[in-house]
Amino acid sequence: LAGCGKEKVVTRTDFALDTVITIAAYGQSDEGILKEPFNRIRELDNKLNAFSEDSEISKINAAAGQEPVVVSEDTFNAVKEGLEYSEKTGGAFDITIGPLVDLWKIEAPGEGVVPEQPAIDAAKAFVDYRKVVLDEAAHSVFLEEPGMKINLGAIAKGYIGDAVKAVLQSEGVERAIINLGGNVVLIGGKSNREPFTVSLEDPEDPLSNGSISDASTLGVLRERDNSIVTSGDYERYFIGPDGKRYHHILDPKTGYPAESGLHQVTVITDTSADADALSTAFFVMGLDQAMTYIRETEGIEAVFVTTDNRIVATKGMEDTFVFDEGNHGGQY
Ligand code: ADP
Ligand code: MG
Ligand code: MG
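Residues numbered from 1 in each chain as written. Chains lettered and ligands numbered in written order. Predicted model: local features only at pLDDT ≥ 70, side-chain atom pairs only at ≥ 80, totals over all residues. Heavy atoms only, no water.

## Some details on the overall build of the protein chain
1) Next: A tally of helices and strands in the protein chain yields eight helices and 17 strands.
2) Next: Computed over C-alpha atoms, the radius of gyration of the protein chain comes to 20 Å, within 12% of the 20 Å expected from 2.2 N^0.38 for 332 residues, which places it in the range of a compact globule.
3) Next: If one aligns the C-alpha atoms of the protein chain with their principal axes, the spans along those axes are about 65 × 45 × 40 Å.
4) Next: Looking at the 332 residues of the protein chain, the share that counts as buried comes to 52%.
5) Next: Long-range contacts, defined as pairs at least 24 residues apart, comprise 60% of the intrachain contacts of the protein chain with a sequence gap of at least 6.
6) Next: Working note: accessible area of the protein chain is about 15000 Å², and carbon and sulfur atoms make up 46% of it.
7) Next: Averaging the locations of the 29 positively and 56 negatively charged side chains of the protein chain gives two centres separated by 3 Å. (Helix = DSSP H or I, 4+ residues; strand = E, 2+ residues; numbered from the N terminus. Rg over C-alpha atoms; globule rule 2.2 N^0.38 Å. Buried < 20%, exposed > 50% of the residue type's maximum accessible area, 1.4 Å probe, protein only. Contact = heavy atoms within 4.5 Å. Areas by Shrake-Rupley, 256 points an atom, 1.4 Å probe, with all protein chains shown as cover. Lys, Arg positive; Asp, Glu negative; His and termini not counted. Charge placed at Lys NZ, Arg CZ, Asp CG, Glu CD.)

Here's what the structure looks like:
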């Protein structure tokens, strides 16, 4: 009988991608099947991480303004997907954000200082996804201007989540939860009939890693086969001398942390690269523009928390998202 007896599951947690990664494969008893997925995570991190000097992304950046760099299929595809989202979002999401990320020292928020305006203007001038040249035949990437830098921080975990899903599926796994530091990817559901349940983190009571825990939450998502990715201004930030919160999602137009009236954005889509890129883009765009984007595109659901603590979920979430009682009061 369904639900009776303890279900077999193998789980492994590891630190990678600068966060905590957990993979739980249901209906499985051999822990060996989790080895290849974690190998794949490290392989992709080595290729895509702009902060490690010998990654392919760093090689592309080092050759900016000089020559195209031939890269692996993974790196080529990740850059290509990133460019597609840069185009679709009109540059709210821009994979050439690197010079601004480096200037703001986003990866080491403890060291954060507010840069001088001329430095922001100078870094911002290098940010332009339209100056990335892909050559499909050669599998090369070229940055037209010296000083340009790709940083895939806002899409890499999504891309890697999709890749891990593919590895697990090739191993015959039909039901799994992949959690890359809060980027969640689902294979199947809890059972054929039951979806997985995923708690949505409360931006006022954030968890340091992942979105599944007993801490205060906004509500519960009931989903299967898709990806759930959250971006927020509370993940990496520093408090400036003016008392303001300087967080890690930058507006390419201003060169400053985005101030669009949003506190948190969760996107639910079929693939995790989409959800990752769009959660970051929507954070930059703000609620109205994001809702317009969602209306004009198929297959995207989202839950927003505004800086004045309203929760707004897309209409399509009515069946799959239940607000916690007493939590801000949400609307669909
Ligand atoms: P997290 O890294 O916490 O999962 P995001 O997916 O929103 O959050 O990605 C934020 C990261 O992406 C930043 O740390 C930075 O490296 C990069 N980034 C910041 N702003 C942008 C932007 N407007 N477009 C593309 N990448 C960005
Ligand atoms: Mg993102
Ligand atoms: Mg993210």
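Still more to cover.
## Regarding the confidence of the model for the protein chain
1) Next: On average, residues of the protein chain score 92 in pLDDT, and 94% of them are at 70 or above.
2) Next: Every residue in residues 208-213 is under pLDDT 50, and counting partners more than four places away or in other chains gives 15 contacts. (pLDDT = per-residue confidence, 0-100.)

## Quick word on the coordination of the magnesium ion (ligand 2)
1) Next: The protein atoms that coordinate the magnesium ion (ligand 2) are Ala154 (O), Asp276 (O), Asp276 (OD) and Thr280 (OG1), at distances of 2.0 to 2.4 Å.
2) Next: We note that the donor set of the magnesium ion (ligand 2) lies within a single chain, spaced as A-x121-D-x3-T.
3) Next: Between the magnesium ion (ligand 2) and the magnesium ion (ligand 3), a spacing of 3.6 Å is present. With a gap of 126 residues between them, alanine 154 in the loop between strand E5 (140-143) and helix H6 (156-170) and threonine 280 in helix H7 (residues 272-285) connect regions that are remote in the sequence. (Donors = N, O, S within 2.8 Å, 3.2 Å for Na, K, Ca; no water.)

## Some words on the sheet that holds E5
1) Next: One open sheet accounts for three strands, arranged E3-E5-E4; its pairing is antiparallel. Edge positions in the sheet fall to strand E3 (69-70) and strand E4 (132-135), since each of these pairs with one other strand and no more.
2) Next: Summarising the sheet, E3 and E5 pair through two bridges and their orientation is antiparallel. What sits directly across from valine 70, in E5, is serine 140.
3) Next: The sheet strands contacting helix H3 (residues 73-88) are E4 and E5, and the helix crosses E4 at an angle near 130 degrees. (Pairing = 2+ DSSP bridges. Axes fitted to C-alpha atoms, helices over the stretch in contact; angles between N-to-C directions.)

## Description of the site of ligand 1
1) Next: Taken together, 19 residues surround ligand 1, and among them Ser231, Glu235, His248, Leu250 and Thr280 come closest.
2) Next: Separating an oxygen atom of ligand 1 from a side-chain N or O atom of histidine 248 is a distance of 2.9 Å.
3) Next: One nitrogen or oxygen atom from the side chain of threonine 280 is found 2.7 Å from an oxygen atom belonging to ligand 1.
4) Next: Protein contact buries 94% of the 560 Å² of open area that ligand 1 shows by itself.
5) Next: The element contributing the most residues to the shell around ligand 1 is H7, with three residues.
6) Next: In terms of residue class, the shell around ligand 1 is built from 10 nonpolar, five polar and four charged.
7) Next: Residue-level mapping places the shell around ligand 1 at the junction of two domains, with at least three residues from each of domain 1 (9-40 + 155-326) and domain 2 (51-143). (Near = heavy atom within 4 Å. Polar contact = N/O pair within 3.5 Å; in protein donor to acceptor, adjacent residues only side chain to side chain. Nonpolar A, V, L, I, M, F, W, Y, C, P; charged D, E, K, R; others polar. Domains from an automatic or database assignment.)

## Observations concerning the pairing of strand E1 (residues 9-16)
1) Next: In this sheet, strand E2 (residues 19-26) lies alongside E1 in antiparallel orientation, the contact comprising eight bridges. Residue pairing in the sheet places alanine 16 in a bridge with threonine 19 of E2.
2) Next: Following E1, the chain reverses through two residues before pairing antiparallel with E2; leucine 17 in that reversal takes a positive phi of roughly 55 degrees.

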